[in-house]
Amino acid sequence: MSKPLVVITGASSGIGEAVAHQFSEAGHPLLLIARRLDRLEALNLPNTLCRKVDVTKREEVIAAIAEAEEVYGPVDCLVNNAGLMQLGSAHEQDPTEWDNMIDVNLKGMLYGIHAVIGKMRERKHGTIFNISSVAGIKGFPAHMAYCATKFGVHGLSETLREEVSNDSVRVVTIAPGAVETELLGHTTSDEVISGYEDWKKSIGGAIAAKDIADSISFAYNMPQNVCIRELVISATRQPA
């Protein structure tokens with residue numbers, strides 16, 4: 001029996017790339033979305049459509065998903081992974097970076113949901129993973145706007161989960177702690193980057209993107225009548 005379509009945003013590196021490998025190995029056709037098309041194509045995964053998409057452009061998200069459904073059938077799983085982390089003190093950070101994070105982390109996620117949720121409800125089947133953060137549960141210095149967006153992810157995810165639960169659609173919030181990805185590279189403050197790297201060393205290093213992918217696979221492969229609403233995943237030595 002053929003496996004259903006999985007859509008992954010921010011799939012060109014880090015968590016998105018690790019999730020893409022896992023779902024591909026499990027036999028799922030994929031739609032991989034990111035701004036770096038060359039990185040997507042370099043993954044060289046079978047039964048995979050790679051599209052250069054800016055998740056802040058709603059029409060691009062809708063068009064890519066519609067194209068993939070024409071080829072592989074309905075989306076059964078959306079992994080809303082595209083994200084931006086730009087850290088800085090509230091009095092020093094360029095507010096443009098706040099706008100960027102709101103656009104990608106919140107509006108980009110909402111656009112992905114909007115593109116698939118109606119049909120999932122009609123079919124009475126589907127799973128949406130929204131990648132949040134421990135920074136969506138508690139605050140951290142120099143994370144003000146980032147925390148605001150990730151608290152928002154938690155809020156929208158739980159609200160959506162309640163809204164669609166009676167249609168047998170699952171919504172799962174994934175809240176990683178520090179993960180070895182390229183995410184910190186979006187931060188423009190050298191001081192903040194240095195402090196973050198020192199902190200990671202102090203806890204024995206961050207976890208791997210595969211650890212998050214393993215958790216997503218575990219939650220997805222539970223029976224459809226079982227929804228693991230939220231997973232918080234961090235290095236054992238990460239205290240916060």
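Residues numbered from 1 in each chain as written. Predicted model: local features only at pLDDT ≥ 70, side-chain atom pairs only at ≥ 80, totals over all residues. Heavy atoms only, no water.

*Asks:* How do you make sense of the overall build of the protein chain when you look at a structure like this?
*Replies:* Along the protein chain, the regular secondary structure elements total seven helices and seven strands. In terms of C-alpha radius of gyration, the protein chain reaches 17 Å, essentially the compact-globule figure of 18 Å for 240 residues. Considered along the principal axes of its C-alpha atoms, the protein chain spans approximately 50 × 35 × 30 Å. Taking as baseline every contact in the protein chain between residues at least 6 positions apart, the subset at least 24 positions apart corresponds to 68%. About 11200 Å² of surface is accessible on the protein chain, with carbon and sulfur atoms providing 52% of the total. On the protein chain, the mean spot of the 22 positive side-chain charges and the mean spot of the 30 negative ones are 5 Å from each other. (Helix = DSSP H or I, 4+ residues; strand = E, 2+ residues; numbered from the N terminus. Rg over C-alpha atoms; globule rule 2.2 N^0.38 Å. Contact = heavy atoms within 4.5 Å. Areas by Shrake-Rupley, 256 points an atom, 1.4 Å probe, with all protein chains shown as cover. Lys, Arg positive; Asp, Glu negative; His and termini not counted. Charge placed at Lys NZ, Arg CZ, Asp CG, Glu CD.)

*Asks:* Help me understand the side chain of Ser132 in this model?
*Replies:* The residue Ser132 is located in the loop between strand 5 (126-131) and helix 5 (144-164) in this model. Non-local contacts of Ser132, meaning those with residues more than four positions away in its chain, are made with Lys150, Val153, His154, Thr173, Ile174, Ala175 and Pro176.

*Asks:* Whenever I open this one, the layout of surface pockets confuses me. Can you help?
*Replies:* If you roll a probe as big as a water molecule over the atoms, it shows you where there is empty space left. There is about 160 Å³ of room inside the second largest pocket. Residue composition of the lining of the second largest pocket, by class: three nonpolar, five polar and four charged. (1 Å grid on protein atoms, 1.4 Å probe; cavity = no way out; pocket = protein on both sides within 12 Å on 5 of 7 lines; lining within 4 Å. Points joined across faces, edges and corners; volume = space filled by probe spheres on them. Nonpolar A, V, L, I, M, F, W, Y, C, P; charged D, E, K, R; others polar.)

*Asks:* What's the story with the pattern of salt bridges in this structure? I'm lost.
*Replies:* A side chain with one charge may pair with a side chain of the opposite charge, provided their charged atoms come close. Counted according to the given criterion, the structure contains eleven salt bridges. For Arg51, the salt bridge identified is with Glu67, shortest N-O distance 2.6 Å. Remark: Glu67 occurs in helix 3 (residues 58-72) and Arg51 occurs in strand 3 (residues 48-52); sequence separation between them is 16 residues. Taking relative accessible area as the criterion, Arg51 reaches 28% and is therefore assigned partly exposed. Taking the shortest distance from any N to any O, the salt bridge between Arg121 and Glu163 comes out at 3.7 Å. Of this pair, Arg121 sits in helix 4 (residues 95-123) while Glu163 sits in helix 5, and the two are 42 residues apart along the sequence. In this structure Glu163 comes out as partly exposed when scored by relative accessible area, which is 49%. When salt bridges with common partners are traced through the structure, they connect Arg121, Lys124, Glu163 and Asp167 into a single cluster. (Salt bridge = Lys/Arg side-chain N within 4 Å of Asp/Glu carboxyl O. Buried < 20%, exposed > 50% of the residue type's maximum accessible area, 1.4 Å probe, protein only.)

*Asks:* Explain the pairing of strand 1 (residues 5-9) here, please?
*Replies:* Of all five residues in strand 1, five are buried; the element is thus mostly enclosed. As defined by bridge partners, strand 1 adjoins strand 2 (residues 30-34) across four bridges and the pair is classed as parallel. Each residue of the ladder has a partner; that of Val6, found in strand 2, is Leu30. The handedness of the strand 1 to strand 2 crossover, carried by helix 1 (residues 14-25), is right-handed. (Pairing = 2+ DSSP bridges. Right-handed = clockwise from strand over helix to strand, strands pointing away.)

*Asks:* Mind showing me how you'd approach the packing of helix 3 against helix 4 here?
*Replies:* Interaxial distance between helix 3 and helix 4 falls to 8 Å at its minimum, and their mutual angle equals 40°. As summarised for this structure, helix 3 and helix 4 are arranged oblique, according to the angle between their axes. The interaxial crossing formed by helix 3 with helix 4 has right-handed handedness. Contact residues: Arg58, Val61, Ile62, Ile65 and Glu69 in helix 3; Tyr111, Gly112, His114, Ala115, Val116 and Lys119 in helix 4. Looking at the contact of helix 3 with helix 4 residue by residue, the classes come out as six nonpolar, two polar and three charged. (Axes fitted to C-alpha atoms, helices over the stretch in contact; angles between N-to-C directions. Parallel < 35°, antiparallel > 145°, perpendicular 65-115°, else oblique. Left-handed = near helix turned anticlockwise from the far one by under 90°.)

*Asks:* Help me understand the nonpolar core in this model?
*Replies:* It is characteristic of soluble globular proteins that their nonpolar side chains tend to be buried jointly. In terms of nonpolar packing, the biggest core is built from 41 residues, with Val7, Leu31 and Ile128 touching the most fellow members. At the level of elements, strand 1, strand 2, helix 3, strand 4 (75-80), helix 4, helix 5, strand 6 (169-176) and helix 6 (190-202) are the ones that each hand at least two residues to this core. Top element by residues in this core is helix 4. It accounts for eight residues. Counting 34 residues, the second largest nonpolar core, distinct from the first, contains Val19, Ile131, Ile203 and Leu231. (Core = buried A, V, L, I, M, F, W, Y, C linked by side-chain atoms within 4.5 Å.)

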